[in-house]
Amino acid sequence: MAYRIVLLCDLDDPEPLRHAAQPFWSQAATARGLTGEGWRSLGFKLPAQPLHDVRRLAAEARPAGVDIIAVPPHLADELPGLIVSDVDSTVTRTEGIDLLAEVAGCADQVAEVTARAMNGELDFAQSLTERVGLLKGLPEGALAEAGAAVKVTDGAAELFRQAHQGGCRVGLVSGGFTAMVAPLAAQLGADVLAANELEIVDGALTGRLAGEIVDRAAKERYLRRWADQFGVPMRRTIALGDGANDLDMLGAAGLGIAFCAKPVVVGAADGALSFPRLDALGTLWARP
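Residues numbered from 1 in each chain as written. Predicted model: local features only at pLDDT ≥ 70, side-chain atom pairs only at ≥ 80, totals over all residues. Heavy atoms only, no water.

(A) Local environment of the overall build of the chain. When its secondary structure is counted, the chain shows 13 helices and eleven strands. With respect to the three principal axes, the spread of C-alpha positions in the chain is 65 × 40 × 30 Å. Counting the 288 residues in the chain, one finds 49% classified as buried. Within the chain, one finds 26 positive and 37 negative side-chain charges whose respective centroids are separated by 7 Å. (Helix = DSSP H or I, 4+ residues; strand = E, 2+ residues; numbered from the N terminus. Buried < 20%, exposed > 50% of the residue type's maximum accessible area, 1.4 Å probe, protein only. Lys, Arg positive; Asp, Glu negative; His and termini not counted. Charge placed at Lys NZ, Arg CZ, Asp CG, Glu CD.)

Okay, here's the thing in structure tokens:
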């Protein structure tokens, strides 16, 4: 049963990568180095379970700017069949609700609600409902204005292209809004998407949501639903996310990756990428 270890960094100096790789050379059957725009990687294929504690080595390497990800056996020998990613602060470097709040002139109020949620005073559904309420009366056309301010994460288009070239489907699941996620999904070529629906009446936002809220539990449900839809075993799924709302999805996937994530997510995920280049994740299924 094969295992794969992938080391990644966005450093000009390759020495930290070489140093972090030292424990794996003696056990490696093969090794392969790759470079991309602003990143480099080194992948090892191991014939047996790693002799070292990879999570401990990853924690030790992270302060030096090197990420270490252990690819489990079910993905070491098979290509992924489905990648599902969070959107805000993962596929984009922006937060949809914040962009809408700026257009609506209520950025400070929205930030206050967000802070209360971060302090544990509100759960995701409560905070989302309250923040959307502040958008009441915003003209429907403002959605396009906010959407124009979305900043796509570097390497996102390349990751989607790499995935599709390998026969892998890609889904976007967001606690943001369909009106902003759908154009992004079309731009990047996502196969499926799920996000929250803003209720619009007479050309203006009502301050309410229509339909179910895409929260932490819903993200996992969509991952499982799409895997079933595309006939992909869960062991061949990869999930990407940055926040606590993504934890169930990351835990359910065959490989859960914390992307530029909060510490609690890094600690819970199977692996983490600390620099904002999504295309670097293609090294996880580039065969060494």
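(B) Highlighting the sheet that holds strand E2 (residues 30-36). Spatial ordering of the open sheet is given by E2-E3-E1-E4, a layout of four strands whose pairing is antiparallel. Strands with a single pairing partner mark the edges of an open sheet, and in this sheet they are E2 and strand E4 (66-71). For this sheet the average axis-to-axis angle between neighbouring strands, irrespective of direction, equals 15°. Sheet topology places strand E1 (residues 3-9) next to strand E3 (residues 39-46); seven bridges connect them, and they run antiparallel. (Pairing = 2+ DSSP bridges. Axes fitted to C-alpha atoms, helices over the stretch in contact; angles between N-to-C directions.)

(C) Unusual backbone geometry, seen in detail. Backbone geometry places serine 89, a non-glycine residue, at a positive phi of 65°. Turning to its location among the elements, serine 89 is positioned in helix H4 (residues 87-91). Here aspartate 202, not a glycine, exhibits a phi torsion of approximately 55°, which is positive. Topologically, aspartate 202 is positioned in the loop between strand E7 (192-201) and strand E8 (204-210).

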